[in-house]
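Listed here are the chains, written in short residue letters.
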2 protein chains.
Amino acid sequence: MRETPANKRHLEQNLQPIRELLGRRELLEKLSVTPDSSRKELVSDLIARQTLADLANKLDKLHNADIARLLETLPLDDRHFVWRQLADERAGDVLWQVADGVAETLISETSHERLKAICLPLEVGDLLQLAHLLPGDVLDAVLGTRDPGERSWLRASITYPEDTVGSLMSPDVLVAPATATFKTILKMLRKAGDFPDQTDKLFIVDERHRLLGELLLTRLLLHRPRNPISEAVSTDAIAFEPGDSIASAAQAFERYDLVSAPVVDERGRLIGRLTVDDVMDYVREEAEEDAFLREGLHADEDLFGPVWTSARRRWLWLGLNLATALVASRVIGLFEGSIEKLVALATLMPIVASIGGNTGNQTVALIVRGLATGMFGAGNVRYLALKEIGIAAINGTMWGSVMGLITFLLYRDTGLAAVMGVATLLNLVVAAMVGTGVPLLLNRLGRDPAYGSSVLLTFTTDSMGFLIFLGLATVFLLV
Amino acid sequence: MRETPANKRHLEQNLQPIRELLGRRELLEKLSVTPDSSRKELVSDLIARQTLADLANKLDKLHNADIARLLETLPLDDRHFVWRQLADERAGDVLWQVADGVAETLISETSHERLKAICLPLEVGDLLQLAHLLPGDVLDAVLGTRDPGERSWLRASITYPEDTVGSLMSPDVLVAPATATFKTILKMLRKAGDFPDQTDKLFIVDERHRLLGELLLTRLLLHRPRNPISEAVSTDAIAFEPGDSIASAAQAFERYDLVSAPVVDERGRLIGRLTVDDVMDYVREEAEEDAFLREGLHADEDLFGPVWTSARRRWLWLGLNLATALVASRVIGLFEGSIEKLVALATLMPIVASIGGNTGNQTVALIVRGLATGMFGAGNVRYLALKEIGIAAINGTMWGSVMGLITFLLYRDTGLAAVMGVATLLNLVVAAMVGTGVPLLLNRLGRDPAYGSSVLLTFTTDSMGFLIFLGLATVFLLV
């Protein structure tokens, strides 16, 4: 048995030497630029040539998926250098496998001529993944070389929005007519030669290409040739429409352990197929995306992309956060008179605000996950909101008392201690209410609750924390 | 074609009527408790009986995976009520499919006798998923009923830690000896009757059960009976060892589009198999887990579980956050004299702290994802750190100037405005450094960077924000 390339440990073992070779990139690049002939140059030329051959050799041995991974993890200059070393046929298969943000940097570096050459040999399903990133003239040229069936399929599929089944389906389906026998099916399969990846079933259609059922390969394998094939066909296929969201399809794949599933149009005609590998990619990317969106990052943020692009992408978010912080600070501004009289208020107020933000973000994380996995129906949202408020009340009473005690120990002021304790409790309850309400509201408004919930929450818990604490102090201690 | 149960829309359509029936749970529960015979009771009894039958009927029509989903989304009392209605054979298949936290509440509600009855008919791979949650005597009793092969497999598999391939593998493998012919394999398969789920290949082993290669069913199907079977066997199988991390296995499944893969022991003997459905579950759970860990929630937090359990689980986190907020507040305490002299400092300081926390958490999210997906080698970490600091410098200069300007407009104080601008810039740079360093450090120390990075970061950006701003103000404006 060969060494398992699957193992991450082994993958890093393969990538690390390449990274080291790239440490000498400047030497390598000089090679192609200056044909110098002084003796010293000759030696370094020789080394460079050898290094380049070594690099090509190491790249040759990598799986295309691993090259995609390598490109994603290389600093920009190294990434483009490796990209230029790849043969066109390979480059295409790598290009659709890298993350969108990385694909963008590669595409912008590449001449339209090369892009056309790269995309020419791509399978139509893979091409679909790239279509929205390619320059218009490249896409048109590539489409022009396809046969009319593929071309019209691609044209139609490009129009499906990003998060729908239609944008992720592939046209590679094995189809048999309802009239087929075991023998004709086997003959057809042998003629086709190879199976598309992740083929676990073929689809049975009527004369108008409407889906009638599916035939698992395992059942075909066990089928006794003489029995009618209809015995082995299951007619309760789980089918999707191109407009269905991938999220719901992913849930179905998980729940029913699917490997592939048919996609049908509104008249029930088979137009493609969804496979578990694409669904799994989606599930992982979606989850990562949520973590990024929550921090105001772009979903396809390119870790090793250009500094300026990243900085520009984060401007707006930073500005938004500054604006909310500024508003919260104006709340403090209202109480500058109180703070001048009792400066301890300035010291204690960030604690009340911060603890509210903390608890609230826990609630937000719970609700956002619940929404993402479709856990909420009519009956259970109220239960959940009450539960979160209950938790806040319990923990607020406990930690409010602790904070009151600490405040007393620090300042020997019973009134201040009481205000601190009560403000902590109240802000925790506010945080639980806002933490439940904001994601649900954003979702109701048709927005992604992962994006924006945290800002809105922190804004509220900060402002309310300051208001409650300074307000209580002003009323009970200073008036 | 049947209505597609796969569609989430349709699933909710099936679950909603059940939720509504459960709105009358109290009525239903009375039924089993009070055998009363007054006329009024008789009528309500009749309704209850009918409702109960209706409920049973609706539950009958659901897929077990969908019942699991229903239980996860029901408030505690409803959840236990439905759980009690399930027949034992069904209950087992539901139990291993619910999230761990939910399974715990169900198991604690169930008599050991029923648990034994429930677990008895389970497949050994499914039982493995439950084993760590079952009470010792139940597990022993269930193990006692298994044949020695299954028992020893289970005993061995239970010992593998939670995040390893060994804890997720299943023993259902189709195996053929290297000497097998096309005919004997087909005979063997027909004799076995049904295939385990997600079977796309069978494994070829030698006489000591060592893995020699794998045979894709698709290739078997296309194989011409007279040719030697070895032609169709591929010998470069991607195999895992039980101690490999699931995370690395999941990456391999994604990169190489696997449906199933063999698991071998240190001597290369085939001991089980990993399938894409389990890997996908893991990928999703892991991603959700990270979002939860980042907020200090338990990975298997049960959204609809008991209030007290949830409150208790969050105590420590809240305490930890209070402690860090308290320390940051002591930094302010050092400057109470300055604040008394210039109360605007109290108003402005939370902005500096908050914007630092914000930027820093963006960096943390990026690094945590990079670590989770194994993106960092020796060469690229330094590049990344410099990039993040570069972004902070760019955005800090820009927004620092804006904040300086706003401060001037608010307070007409050039010195204060300058201090505000510089403090904003400096705290952003601190945030970028800490945001890169903390997750990498935690990872180096063998800890999960998702857990704790945010607290440590916010702690630093708060304290440093206060220190830089108040320190600069004290030195340049007040001395």
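Heads up: these notes are all about the structure in this document. In this text, all values refer to a predicted model and were calculated from it rather than measured experimentally.

Thresholds, definitions, all that
Residues numbered from 1 in each chain as written. Chains lettered and ligands numbered in written order. Predicted model: local features only at pLDDT ≥ 70, side-chain atom pairs only at ≥ 80, totals over all residues. Heavy atoms only, no water. Axes fitted to C-alpha atoms, helices over the stretch in contact; angles between N-to-C directions. Helix = DSSP H or I, 4+ residues; strand = E, 2+ residues; numbered from the N terminus. Parallel < 35°, antiparallel > 145°, perpendicular 65-115°, else oblique. Contact = heavy atoms within 4.5 Å. Pairing = 2+ DSSP bridges. Buried < 20%, exposed > 50% of the residue type's maximum accessible area, 1.4 Å probe, protein only. Right-handed = clockwise from strand over helix to strand, strands pointing away. Buried area = accessible area lost by both parts, 1.4 Å probe. Salt bridge = Lys/Arg side-chain N within 4 Å of Asp/Glu carboxyl O. Polar contact = N/O pair within 3.5 Å; in protein donor to acceptor, adjacent residues only side chain to side chain. Nonpolar A, V, L, I, M, F, W, Y, C, P; charged D, E, K, R; others polar. Least-squares fit on C-alpha atoms with pLDDT ≥ 70 in both. 1 Å grid on protein atoms, 1.4 Å probe; cavity = no way out; pocket = protein on both sides within 12 Å on 5 of 7 lines; lining within 4 Å. Points joined across faces, edges and corners; volume = space filled by probe spheres on them.

1. What about the packing of helix α4 (residues 64-72) of chain A against helix α5 (residues 76-85) of chain A?
All names here are of chain A. For the pair α4 and α5, the least separation of the axes is 9 Å and the interaxial angle reads 150 degrees. Put simply, α4 runs roughly antiparallel to α5. Residues Leu 70, Leu 71 and Glu 72 of α4 lie in contact with α5, whose contacting residues are Arg 79, Val 82 and Trp 83.

2. Describing the sheet that holds strand β2 (residues 201-205) of chain A
Two pairing modes exist for strands in a sheet, parallel and antiparallel, and in both the strands are linked by backbone hydrogen bonds. Residue and element names in this part refer to chain A. Across the sheet, which stays open at both edges, the three strands sit in the order β1-β2-β3 with mixed pairing between neighbours. Among the strands making up the open sheet, the edge pair consists of β1 (175-177) and β3 (211-216). Averaged over all neighbouring strand pairs, the angle between strand axes comes to 30 degrees, with direction disregarded. Of the strand pairs in this sheet, β2 and β3 are connected by five bridges, and their pairing is antiparallel.

3. Notes on the environment of Arg 155 of chain B
Along the chain, the position of Arg 155 of chain B falls in helix α11 (residues 148-158). In this structure, the C-alpha to C-alpha distance between Arg 155 of chain B and Leu 128 of chain B, residues 27 residues apart in sequence, is 9.2 Å.

4. So, the pairing of strand β2 (residues 201-205) of chain B
All names here are of chain B. Within β2, five of the five residues are buried, leaving the element largely enclosed by the surrounding structure. Residues Lys 201, Phe 203 and Val 205 point to one face of β2 and Leu 202 and Ile 204 to the other, with burial holding for every one of them. Both strand β1 (residues 175-177) and β2 contribute to a ladder of three bridges, which runs parallel. Across the sheet, residue Val 175 finds its bridge partner in β2, namely Phe 203. For the crossover that starts at β1, traverses helix α12 (residues 182-192) and ends in the parallel β2, the hand is right-handed. Adjacent in sequence and paired antiparallel, β2 and strand β3 (residues 211-216) are bridged by five residues, among which His 209 carries a positive phi angle near 70 degrees.

5. Concerning the interface of chain B and chain A
Listed as interface residues are 138 residues of chain B and, on the opposing side, 138 residues of chain A. Buried area between chain B and chain A, summed over both chains or domains, comes out near 12900 Å², and the portion from carbon and sulfur atoms is 65%. For the pair chain B and chain A, the number of links is four salt bridges. Here Arg 314 of chain B makes a salt bridge to Glu 388 of chain A, at a shortest N to O gap of 3.0 Å. At the boundary of chain B with chain A, the tally comes to 40 residue pairs in polar contact (both at pLDDT 80 or more). Looking at the side of chain B that touches chain A, its residues break down into 73 nonpolar, 34 polar and 31 charged.

6. Quick word on the sheet that holds β3 of chain B
Residue and element names in this part refer to chain B. The three strands are arranged β1-β2-β3 in an open sheet whose pairing can be described as mixed. Edge positions in the open sheet fall to β1 and β3, since each of these has one partner strand only. Sheet twist, expressed as the average angle between the axes of neighbouring strands with direction ignored, equals 30 degrees.

7. Considering the relation of the copies chain B and chain A
Of the two same-sequence chains, chain B is brought onto chain A (RMSD 0.1 Å, axial shift 0.0 Å) by a rotation of 180 degrees. Look at the turn and shift together and you get a two-fold axis relating the two.

8. Considering empty space enclosed by the protein
Left-over empty space is what a probe sized like a water molecule reveals as it rolls over the atoms. Throughout the structure, instances matching the rule amount to three cavities of 30 Å³ or more. Lining the largest cavity are 40 residues, and of these Gly 357, Asn 361 and Thr 458 of chain A together with Asn 361 and Thr 458 of chain B sit closest to its centre. Here the element with the most residues in the lining of the largest cavity is helix α18 (residues 344-372) of chain B; it accounts for seven residues. Per-class residue counts for the lining of the largest cavity are 17 nonpolar, 17 polar and six charged.

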